[in-house]
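Report on the structure
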Amino acid sequence: MNSMSLRKKRFHKGLRGWLSALPFILPGLILVTVFIIYPMLFTIRISLSDYRIVTGDITYIGLTNFKNVLFETKEFWYAYRNNFLYAIVTVPLIIFGGLLFSYLVNNLKHGQSIFKVGFYLPVITSWVIVSLVFKYMFGNSNTGMLNYLLVDVFHILDDYVPWLYREWTGNGAIWVMGIWKNMGWAMLIFLAALQSIPKDLYESASIDGAGIWAKFRYITISAVKPTIYFVMVNMIIGSFNVFIQVMLLTSGNPNGTTSVLQYLLYNRAFSKFEFGEASAIGLISAVTIILLTVLLNKIFLLDEKESGV
Amino acid sequence: MSINKYQKFKTRDRITQGFIWLFLLIALFIFSLPFLIMIASSFEEFSYVLPYPPKIFPTSLDFSAYQYIITQHNFLTALKNSVINTSITVVIAVFISSLSAYGFSRIEFPGREALFAVYLFTLMMPGFLNIIPQFIVLKNITFIPGLPNGLIGSRFGLILIYVATSICGNTFFLRGFFKTVPKALSESVVVDGGGHFSIFFRIILPLSTPAIGTMGIFALQGFWEEYFTAKVLVGANENMITLPLLLQRLNGEHATRWEWVFAASILALIPVIILFIISQKKLVIGGLTQGAVKE
């Protein structure tokens, strides 16, 4: 057979493949192209332009938007810092709490589903609702639950604290909410991983006299390692999607010190109508997320090679 | 093991169980505080002064806040819109994603892996990086008569964006499951003269119902609570308001009437909780991580 007919054959085979695949992938492909991929490319264009949404005028201005975002005010750097802080503070606690609770729930003989549903409740409650409850709890006078407890009941503080109007207490409230909201998700994922560990492994360990901690350390942790990685990557990427809680709890106050990238983007686009700068912020966060994902993948793969899995 | 030793083992086990229960109960109580506060406060009368001290347990069962919310015209509108939007979106999204996942897992075609990599890549992008161009695209779809603003402020536009943004993730999730269905099973269909559509409807779909159901439930919950896209795309149209938009608006307009905000929140939350309690035993959570780890 000569190369000509071989190529022809391959071409025909490819064509046949596409023809039989098209009915299946076409509806999705059209929607993804029109509403995801094209908008992504358009965002790059807007970020390099002065864009007027009402008239539709779009003028190329180079990197001006990026310069404005990065160097004109400190807002961007506060927001960028806060996204990283959110990840650094909440992700370890979510993983620790999720592991602890899933391990304990998994060891229960009765009533597992009470705790499963109970801890998962914050996950299925919408961000809008939990933000509103936290806004009420962290209220700045004696009607806020926290102020009431700290000042009127336990007399730890002399005066009411305006929690959501200060930089670090405001950020703290956002972190607490993030941990509370996501821990149940981590727990459920870990629980699924734990349930796939063979039961007799634990049984033989207890007969050998291994305590609850030894079993946790040597059996559980090593079995759920890949799942820990999965939860970690998801939560770190999620840390760059923080938005509603900031909008409803602090609105970035005071002076943008509790803001995050997504809130900054929203604010630039839909309050100040600076679509170019908003797109620049979006692209910077996208690049950050991609770099982080690549980096985490590298670290994890290295780890896997070392442990010989 | 002697009987005596076995008894000792059992007692120790009982004590451990007791401690775990106690610990988890205390943890669950602390975890539930925001919900308890929300429920207790929805039975209070806030008018212009907030109740002092703040309540964790309800002191009375005063349903007037609920009554007020239910009789509000825009609550029923929001409820109706949320139900319609969520159900239509989930059905279409699940169907299109299943088709795509079949294409990407069972049919060989050139460029398949590259195209799938593009789908995966879009998953890494922050959710609303695209909202500005999406808004513009919808605004420019003006060929449908009777819609001068294009698809802005219309249910159809919102559903289109919802479906489109969920395809890549769902395809990824389902592809992992479809791959685990043994190829030999589909051969019987091929022997009967059936093509890809018969395999899809007669083998893959029935065998993947747990996975598709799990995906559907997570999608349902996600669309039910979606706030940002709805605010940008239909927020200006009073008739298209959804429950999350209504909740935020209640808080903005009546800053001190927390009982209304919380009553409406609880009403919005009840369907989701019921759905989750019914389905929790059947959810296939393990599969969520499988595709990601094995890939």
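Residues numbered from 1 in each chain as written. Chains lettered and ligands numbered in written order. Predicted model: local features only at pLDDT ≥ 70, side-chain atom pairs only at ≥ 80, totals over all residues. Heavy atoms only, no water.

1. Some words on the domain arrangement of chain A
All names here are of chain A. What counts here: Where each domain begins and ends follows an automated or database-derived domain assignment. What makes two residues a contact is simply this: any of their non-hydrogen atoms within 4.5 Å. By buried area we mean how much accessible surface two parts lose on assembly, using a 1.4 Å probe and totalling the loss over both. Salt bridges are identified by distance alone: a Lys or Arg side-chain nitrogen within 4 Å of an Asp or Glu carboxyl oxygen. Think of it as three bins: nonpolar holds Ala, Val, Leu, Ile, Met, Phe, Trp, Tyr, Cys and Pro, charged holds Asp, Glu, Lys and Arg, and polar takes everything else, Gly as well.
For chain A, the assigned domains are domain 1 (3–47) and domain 2 (65–307). Inter-centroid distance (C-alpha atoms) of domain 1 to domain 2 is 37 Å. Of the residues lining the interface, four residues belong to domain 1; the matching set on domain 2 comes to seven residues. Of the roughly 400 Å² buried between domain 1 and domain 2 on both sides combined, carbon and sulfur atoms contribute 68%. Together, Thr43, Ile46 and Ser47 form the three largest contributors to the area buried by domain 1 at its contact with domain 2, with a combined 89%. Along the contact surface separating domain 1 from domain 2 lie zero salt bridges. For the side of domain 1 that touches domain 2, the class distribution of residues is two nonpolar, two polar and no charged.

2. Some thoughts on the interface of chain A and chain B
Basically, it comes down to this: Counted as a polar contact is a pair of N or O atoms within 3.5 Å, where, for protein atoms, one must be capable of donating a hydrogen and the other of accepting one, and residues adjacent in sequence contribute only when both atoms are in side chains. Strands here are runs of E lasting at least two residues and helices are runs of H or I lasting at least four, both read from the DSSP assignment and numbered beginning at the N terminus.
Taken together, the 93 residues of chain A in the interface contact 95 residues of chain B. Carbon and sulfur atoms make up 82% of the surface buried where chain A meets chain B, a total of about 8500 Å² over both sides. Taken as a group, Phe24, Phe35 and Tyr136 of chain A account for 11% of the area that chain A buries against chain B, more than any other trio of residues on that side. Inspection of the region where chain A meets chain B yields one salt bridge. The interface formed by chain A and chain B contains eleven residue pairs in polar contact (both at pLDDT 80 or more). A per-element tally of the side of chain A that touches chain B places helix 1 (residues 3–47) of chain A first, with 23 residues. Each residue belonging to the side of chain A that touches chain B can be placed in one class, and the counts come to 66 nonpolar, 23 polar and four charged.

3. Describing the pattern of salt bridges
Our working rule: Here the term buried applies to any residue with accessible area under 20% of the maximum for its type, exposed to any over 50%, and partly exposed to those in between, with areas from a 1.4 Å probe on protein chains only.
Per the stated rule, a full pass over the model turns up eight salt bridges over all chains. Among the ionic pairs, Arg257 of chain B bridges to Glu259 of chain B, the shortest N-O distance being 2.9 Å. Comparing Arg257 of chain B with Glu259 of chain B, the two get one shared label, buried. Residues joined in a network through salt bridges with shared partners are Glu75, Arg268 and Glu277 of chain A.

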